[in-house]
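Coordinate inspection notes
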Amino acid sequence: MNTTDRSEIYDVVVVGGGAAGLSAALVLGRARQRALVVDAGEPRNAPSPHMQGYLTRDGMSPAEFLALGREEIDRYGVELVRDRVSDVTRDGDFTVALGAGGAVRARRLIVATGLKDELPDVPGVAERFGKDVLHCPFCHGWEVRDEPFGVLAASAMSVHQALMVSQWSKDVTLFLHRVAEAELTDQDLRRLAAAGVGVVPGEVAGLLVEDDRLAGVRLADGTTHARSVLFTAPRPLPQTGLLERLGAEMNETPFGAYPVVDPTGLTTVPGVWAAGNAIGFAEQVVHAASGGYRAASAIVGDLLMSRLDAAVDG
Ligand SMILES: Cc1cc2nc3c(=O)[nH]c(=O)nc-3n(C[C@H](O)[C@H](O)[C@H](O)COP(=O)(O)OP(=O)(O)OC[C@H]3O[C@@H](n4cnc5c(N)ncnc54)[C@H](O)[C@@H]3O)c2cc1C
């Protein structure tokens, strides 16, 4: 980790050191920018022992992936500090307040703060999240293929999740939990039947766990259903408070409010870019890394043109 004098202005401060932030940092370092990553160290996929679907890194642990990323940015002189940015103010440049005290200054900002997953309030779900309570079949479906799946409905949109996971197992049961059967449309019912997905009404009261493995789902009426995998859809809570405080225009979606960005991740606040899950709930690791790259390369050009224009204008 580089530790230089932080009183001088940075070209770029990157808030968040997950895939998006570290990828941006790598590009910035290699483009000879003075950059600092401030990372609170709570990446979204930390509960999962393995990360899938990232070409050449399929199956690597998320912790190892990020440790390698930190090594790579260090080679190019990018600094990284383990801290939480508590506030940012803009006065042409940016003043970035650190949770541990003090502040740093930056010409440009990348917000790569990710999102948090709010899990359904069912005992056992949080404890098993990332192990056998899963949210994303693209991330983990292959590893659990053909096992008996349950889907814990979070809303009527969970029908879509139950249909999707039937691509990975033909033994799928949708537990409606607090969703009323009447909320399912005729098309939902036709598709569920065509996919062979069983539908079980009634509130889920807890999980059955044996030898540290999911064994089943227990309903409030006491009935149990043997299942070794439970999919559910957490409510995404985008970590976009800094962007909102900077006045970025936000776009309300059924999956949270995300900043309005151009194709490089530039928000509506001049000088502020965003990447990764901070711009959308469906950004996987590979997208987050790509978004960080795009933002960083756009900033390199932006800073250069600003300097050249300032030189021309005298
Ligand atoms: C259980 C689980 C398993 C997953 N498995 C896969 C998988 O197999 N493959 C895949 O492609 N995707 C997977 N994902 C999705 C993956 O987690 C995200 O795509 C990825 O983490 C997005 O990267 P990011 O950099 O945007 O955010 P993150 O990785 O969440 O990183 C954001 C970082 O910013 C920090 N931060 C937040 N606020 C601040 C602040 N104010 N100051 C400083 N730092 C801050 C956080 O602490 C964190 O370290 C999984 C997700 C979950 C929940």
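Please refer to the structure higher up on the page.
Residues numbered from 1 in each chain as written. Predicted model: local features only at pLDDT ≥ 70, side-chain atom pairs only at ≥ 80, totals over all residues. Heavy atoms only, no water.

We now examine the side chain of Asp83. Within the element layout of this structure, Asp83 appears in the loop between β3 (79–82) and β4 (85–91). Although Asp83 lies buried, it forms no salt bridge, and the closest oppositely charged side chain, Arg84, sits 7.2 Å away as judged by the N-O distance. Within the structure, the side chain of Asp83 is placed 3.4 Å from the backbone nitrogen of Gly99, a separation counted as a polar contact. (Helix = DSSP H or I, 4+ residues; strand = E, 2+ residues; numbered from the N terminus. Buried < 20%, exposed > 50% of the residue type's maximum accessible area, 1.4 Å probe, protein only. Lys, Arg positive; Asp, Glu negative; His and termini not counted. Salt bridge = Lys/Arg side-chain N within 4 Å of Asp/Glu carboxyl O. Polar contact = N/O pair within 3.5 Å; in protein donor to acceptor, adjacent residues only side chain to side chain.)

A separate point is the site of the ligand. The environment of the ligand is made up of 34 residues, and the closest members are Asp39, Glu42, Gln52, Val85 and Glu283. Backbone polar atom of Asn277 to an oxygen atom of the ligand: 2.8 Å apart, as the coordinates give it. Val285 places a main-chain nitrogen or oxygen 3.0 Å from an oxygen atom of the ligand. Compared with its free state, where it exposes 1,000 Å², the ligand has 97% of that area covered by protein. Sorting the residues of the shell around the ligand by element identifies α1 (19–30), β2 (35–39), α4 (137–140) and α8 (285–312) as the ones contributing at least two each. In terms of residue class, the shell around the ligand is built from 13 nonpolar, 14 polar and seven charged. (Near = heavy atom within 4 Å. Areas by Shrake-Rupley, 256 points an atom, 1.4 Å probe, with all protein chains shown as cover. Nonpolar A, V, L, I, M, F, W, Y, C, P; charged D, E, K, R; others polar.)

Strand order in the open sheet made by the three strands is β12-β13-β14, with antiparallel pairing throughout. Here the strands that pair on one side only, and so sit at the sheet edges, are β12 (204–210) and β14 (224–226). Pairwise comparison of adjacent strand axes, ignoring direction, gives a mean angle of 30° for this sheet. Judged from the six bridges that link them, β12 and strand β13 (residues 213–219) form a sheet pairing that is antiparallel. Across the sheet, residue Val204 finds its bridge partner in β13, namely Leu219. (Pairing = 2+ DSSP bridges. Axes fitted to C-alpha atoms, helices over the stretch in contact; angles between N-to-C directions.)

The next subject is the packing of aromatic side chains. The full count for this structure, using the stated rule, is four aromatic pairs. Plain terms: the ring middles of Phe138 and Trp168 are 5.3 Å apart, the flat faces sit at 85° to each other, and that makes the pair edge-to-face. Of this pair, Phe138 sits in helix α4 while Trp168 sits in the loop between α5 (158–165) and β10 (172–175), and the two are 30 residues apart along the sequence. Note on Trp168: relative accessible area 16%, which makes it buried. A ring pair is formed by Phe255 and Phe281, whose centres lie 4.2 Å apart and whose planes are at 20°; its orientation type is stacked. Taken as a pair, Phe255 in the loop between β17 (250–253) and β18 (256–259) and Phe281 in the loop between β19 (272–274) and α8 lie far apart in primary sequence, 26 residues in all. Of the residues examined, Phe255 reaches a relative accessible area of 28% and is grouped as partly exposed. Overall, the relative accessible area of 35% leaves Phe281 in the partly exposed class. One residue, Arg34, lies across the ring of Tyr10, its end atom 4.1 Å from the ring centre. Above the face of the Trp142 ring, Arg145 is positioned so that its terminal group lies 3.9 Å from the ring centre. (Phe/Tyr/Trp six-rings, centres within 6.5 Å; stacked < 30°, edge-to-face > 60°. Lys NZ or Arg CZ within 6 Å of the ring centre and 35° of its normal.)

Side chains of Leu304, Met305 and Leu308 sit close together on the surface and give an oily, nonpolar patch of about 270 Å² of accessible area. Among the structural elements, Leu304 can be located in helix α8. On the basis of relative accessibility, which here comes to 41%, the residue Leu304 falls in the partly exposed class. (Patch = residues over 30% accessible without salt bridge, like charges linked within 9 Å, V, L, I, M, F, W, Y side chains within 5 Å.)

So, about the sheet that holds strand β8 (residues 133–134). As a general point, the strands of a sheet are linked pairwise by backbone hydrogen bonds and lie either parallel or antiparallel. The five strands are arranged β8-β15-β9-β10-β11 in an open sheet whose pairing can be described as parallel. Two strands in the sheet have a free side with no partner beyond their single neighbour: β8 and β11 (198–200). Pairing geometry for strand β9 (residues 149–152) and strand β15 (residues 229–232), over four bridges, is parallel. In the sheet register, Phe149 faces β15, and the bridge partner there is Val229.

Going through the model one piece at a time under the given rule, you end up with one disulfide. For Cys136, the disulfide goes to Cys139, at an S-S distance of 2.5 Å. Taking the torsion about the sulfur-sulfur bond, which here is approximately 80°, the covalent link between Cys136 and Cys139 counts as right-handed. (Disulfide = S-S within 2.5 Å.)

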